[in-house]
Amino acid sequence: KIGLRWQGNPMYDHDLHRSVNLSGFYDALKHVDAEFYSLQKDNGLDELSQFPGIIDMSDKMNSWEDTLAIMENLDIIITSCTSVAHASASLGKRTFIFVPISAYYVWSHSAEQSPWYGDNVKLFRQQKPRSWAEPLEKLNKSV
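Residues numbered from 1 in each chain as written. Predicted model: local features only at pLDDT ≥ 70, side-chain atom pairs only at ≥ 80, totals over all residues. Heavy atoms only, no water.

S.K.: What is the right way to look at the nonpolar core in this model?
M.R.: Within soluble globular proteins, side chains that are nonpolar generally end up buried alongside one another. Judged by nonpolar contacts, the single largest core of 21 residues is most densely connected at Leu4, Phe25, Ile78, Phe98 and Leu139. Looking at this core, the elements with two or more residues in it are strand E1 (2-5), helix H2 (22-29), strand E4 (76-80), strand E5 (94-99) and helix H5 (133-142). Among the elements that line this core, the one with the most residues is H2, at four residues. The residues touching Phe25, leaving out its near neighbours within four places in the chain, are Leu4, Arg5, Trp6, Val20, Ile78, Thr79, Ser80, Phe98, Leu136 and Leu139. Counting ten residues, the second largest nonpolar core, distinct from the first, contains Met57, Ile77, Val84 and Ala87. (Core = buried A, V, L, I, M, F, W, Y, C linked by side-chain atoms within 4.5 Å. Buried < 20%, exposed > 50% of the residue type's maximum accessible area, 1.4 Å probe, protein only. Helix = DSSP H or I, 4+ residues; strand = E, 2+ residues; numbered from the N terminus. Contact = heavy atoms within 4.5 Å.)

S.K.: Looking at this structure, I do not really get the packing of aromatic side chains. What am I missing?
M.R.: Aromatic ring pairs are reported here in terms of the distance separating the ring centres and the angle at which the planes meet. The final tally for this structure, using the stated rule, is five aromatic pairs. Centroid distance Phe96 to Phe124: 5.4 Å. Interplanar angle 75 degrees. Geometry classified as edge-to-face. Of this pair, Phe96 sits in strand E5 while Phe124 sits in strand E6 (residues 121-125); the two residues are 28 residues apart in sequence, bridging distant segments of the chain. The same class applies to Phe96 as to Phe124, namely buried. Here Phe98 and Trp132 contribute two aromatic rings whose centre-to-centre distance is 5.8 Å and whose plane-to-plane angle is 65 degrees, an arrangement assigned as edge-to-face. Placement of Phe98 in strand E5 and of Trp132 in the loop between E6 and H5 is noted, with a sequence separation of 34 residues between them. Of the residues examined, Phe98 reaches a relative accessible area of 0% and is grouped as buried. Using a relative accessible area of 9% as the deciding quantity, one classes Trp132 as buried. Ring pairing ties together the aromatic residues Phe25, Phe96, Phe98, Phe124 and Trp132, which thus form one cluster. (Phe/Tyr/Trp six-rings, centres within 6.5 Å; stacked < 30°, edge-to-face > 60°.)

S.K.: It is not clear to me how H2 should be interpreted in this structure. Could you clarify?
M.R.: Quick reminder: α-helices carry 3.6 residues per turn. Residues three or four places apart thus point the same way. The set of residues buried in H2 consists of Leu22, Gly24, Phe25, Ala28 and Leu29. Around the axis of H2, the buried residues are gathered within 160 degrees of arc, so they sit on the same side. Contacts made by the buried residues of H2 are with E1, strand E2 (36-38), strand E3 (54-56), E4, E5 and H5. (Arc of directions from axis to C-beta.)

S.K.: Help me understand the pairing of E4, please; the structure alone is not making it clear to me.
M.R.: A regular strand places its side chains on the two faces of the sheet in alternate fashion. Burial runs high along E4: five of the five residues are buried. Note that E1 and E4 share four bridges and pair parallel. The residue bridging Gly3 from the neighbouring strand is Ile77, located in E4. Inspection of the sheet shows E4 paired to E5 by five bridges, in the parallel sense. Bridge pairing in E5 places Ile78 opposite Phe96. Considered for its hand, the β-α-β crossover made up of E4, helix H4 (residues 83-90) and E5 is right-handed. (Pairing = 2+ DSSP bridges. Right-handed = clockwise from strand over helix to strand, strands pointing away.)

Written out as structure tokens, the structure reads:
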């Protein structure tokens, strides 16, 4: 069971740099035999119509407690740099985080692991501005 969060709040100044298209996640993961759950809330839900195999959990996430409970029942969380990344990592879930080239201070070190969280977190770093090609390729080989 894999949870996906590909986009943050578009009102955040740097959201342009951290959001990944759901199609990129889908292409990187289509070979994986798993159930996929959307952890999107409010924004980015329009992309789900293109991928009917992804289960929309947005109507069940009415509070942070609901979101945490859903994540607790997943095996892997794959997310762009959003609050879901921090929540999942804090829960000790296996978490793959897509980090923009202009990294938020928590991810500003050079390792693939996070000193803020345990070995359950793997960082997929953007190599070129506005291109997620390399991180998505690494995701494809990691799952």
